[in-house]
Amino acid sequence: MPLDEQLDEALKRLPTWTPPARFAARVVAAAGVEVRARPHPVLAREWGSYAASGAIAAGLAWALGAAGWPMLDAYLRLMTTAAAAAMAEPLLASWMCGALSLTVAAVATRQAL
Amino acid sequence: MQDDDHELVRRCRQGDQDACARLVEVYERLVGTVIWRATGDQQAVEDLGQETFLRVFRGLPYFDARAKLSTWIFTIAHRVAVDHLRYAGRWREDPAADDANGVLARVPADTAGPEETVARDELDRFVREELAELPDKYRLPLLYAAIDGLDHATIGAMLGVQPGTVKTLVFRGKQLLKRRMTNALQARCRL
């Protein structure tokens, strides 16, 4: 058999590791502190982003309204932007959902005043 | 990421111990094999495997759900193995020597006759000795590529190189290994 093939066969014969009994249980017991439920920092950061983007959008809608733009027009413009963003980046879409919700609230509040 | 992995990660993040055990069970064999191949130290595989999963659980809250879970876990296993070698100052030490009496030295018997088995065992030992002498740049890709279940894309992510580079490293590693084996055999014949 050519050396190439012998080499490939020898490499294939390198054994794989067999975990000892109850390895997983021992690992989980050792990792007990790490795996306990806790707030998800990424999620917390995302919620912060939602709030920030919502505040910016609400401020923008308010400013546009103050400048004489109809609130509905401002809202529709933001909706169009959000739809374009949603197609490009799912996370951004989440942010825009937060922004739009707050924009609606801002519009409603301003109209109520 | 596959739905199963996604669900597993979600449950682990919620502190579900059964899900954590399941995650270990799914990946323990390949994680252990990656560590064993990289370090050649069978005695250390269990501890380093445990260390790998501890790092996995610590890192799960920060894991990007768009990434592939298996690749992320194997990359951690690779880093744990390399850290171990560096810490022990054994980055270039002969892995085969550590395992002279270990499982790596024992090849399961098959239907081959006694002479064939002896010849094959001798070849396997020879290959392992020469593999251990290869630069790590070639040794690790070659050893990882021989693991059933690891593709070039995964190995590339583990080593921080492109899949095409892995293919090149494996090819060059094999060429280097062949050259070393040929030289060694010629040297033996001259004796």
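Owing to the predicted nature of the structure, the values given are computational and were not obtained by experimental measurement.

Looking at the overall build of chain B
Check the secondary structure of chain B and you find nine helices and zero strands. Considering chain B as a whole, with its 191 residues, one finds that 38% of them fall into the buried category. For chain B, restricting intrachain contacts to residue pairs at least 6 apart in sequence, the fraction spanning at least 24 positions comes to 69%.

A word on unusual backbone geometry
Backbone geometry at A:Arg22 places phi at a positive 60°, although glycine is not the residue there. On the secondary structure map, A:Arg22 appears in the loop between helix 1 (3-12) and helix 2 (23-30).

Digging into the interface of chain A and chain B
At the interface, 27 residues of chain A touch 35 residues of chain B. Those elements that provide at least two residues to the side of chain A that touches chain B are helix 1, helix 2, helix 3 (32-35) and helix 4 (41-66) of chain A. Taken together, the residues of the side of chain A that touches chain B sort by class into 20 nonpolar, three polar and four charged.

As for the packing of helix 7 (residues 136-145) of chain B against helix 8 (residues 152-159) of chain B
When two helices pack together, their arrangement is given by the angle between the helix axes and the distance between those axes. All names here are of chain B. Running from N to C, helix 7 and helix 8 cross one another at 145°; their axes reach a closest spacing of 10 Å. Of the two possible hands of crossing, helix 7 and helix 8 adopt the one that is right-handed. Across the interface between the two elements, Leu140, Pro141, Tyr144 and Ala145 from helix 7 touch Ile155, Met158 and Leu159 from helix 8. In terms of residue class, the contact of helix 7 with helix 8 is made up of seven nonpolar, no polar and no charged.

Considerations on the confidence of the model for chain A
Across chain A, the average pLDDT comes to 70, with 48% of residues at 70 or higher. Within chain A, helix 2 of chain A carries the highest mean pLDDT (88), whereas helix 3 of chain A carries the lowest (58).

Section: the nonpolar core
Residue and element names in this part refer to chain B. Ranked by size, the top nonpolar core spans 54 residues in total, and within it Val34, Ile35, Ile73 and Ala77 carry the most contacts. If one sorts the elements of this core by residue count, helix 2 (residues 17-39) sits on top with 11 residues. Per-domain counts for this core show at least three residues from each of domain 1 (1-93) and domain 2 (107-191). Excluding its chain neighbours within four sequence positions, the residues that come into contact with isoleucine 35 are Val45, Leu48, Gly49, Ala77, Val80 and Ala81.

A short note on the packing of helix 2 of chain B against helix 4 (residues 69-87) of chain B
All names here are of chain B. Look at helix 2 against helix 4: their axes get within 9 Å of each other, and the N-to-C directions meet at 35°. The hand of the helix 2/helix 4 crossing is right-handed. Across the interface between the two elements, Tyr27, Leu30, Val31, Val34, Ile35, Ala38 and Thr39 from helix 2 touch Ser70, Ile73, Phe74, Ala77, His78, Val80, Ala81, Val82, His84 and Leu85 from helix 4. Broken down by class, the residue content of the contact of helix 2 with helix 4 amounts to 13 nonpolar, four polar and no charged.

Quick notes on helix 1 of chain A
All names here are of chain A. What helix 1 keeps buried is the set Leu7, Ala10 and Leu11. Buried residues of helix 1, viewed axially, fall in a sector of 100°; they line one side. Summarising the geometry of helix 1, the exposed residues directed more than 90 degrees from the buried face are Glu5 and Lys12.

Details of the confidence of the model for chain B
Residue and element names in this part refer to chain B. On average, residues of chain B score 82 in pLDDT, and 83% of them are at 70 or above. Taking the mean pLDDT of every element in chain B, the minimum, 42, falls on helix 5 (residues 95-98) and the maximum, 93, on helix 8. In the model, residues 93-110 has pLDDT below 50 throughout and makes 26 contacts with residues more than four positions away in sequence or in other chains. Quick note on the complex model: pTM equals 0.64, ipTM equals 0.74.

Quick notes on the rules
- Residues numbered from 1 in each chain as written.
- Chains lettered and ligands numbered in written order.
- Predicted model: local features only at pLDDT ≥ 70, side-chain atom pairs only at ≥ 80, totals over all residues.
- Helix = DSSP H or I, 4+ residues; strand = E, 2+ residues; numbered from the N terminus.
- Buried ≥ 20, exposed ≤ 12 C-beta atoms within 10 Å, placed from the backbone.
- Contact = placed C-beta atoms within 7 Å.
- Nonpolar A, V, L, I, M, F, W, Y, C, P; charged D, E, K, R; others polar.
- Axes fitted to C-alpha atoms, helices over the stretch in contact; angles between N-to-C directions.
- Left-handed = near helix turned anticlockwise from the far one by under 90°.
- pLDDT = per-residue confidence, 0-100.
- Core = buried A, V, L, I, M, F, W, Y, C linked by C-beta atoms within 7 Å.
- Domains from an automatic or database assignment.
- Arc of directions from axis to C-beta.

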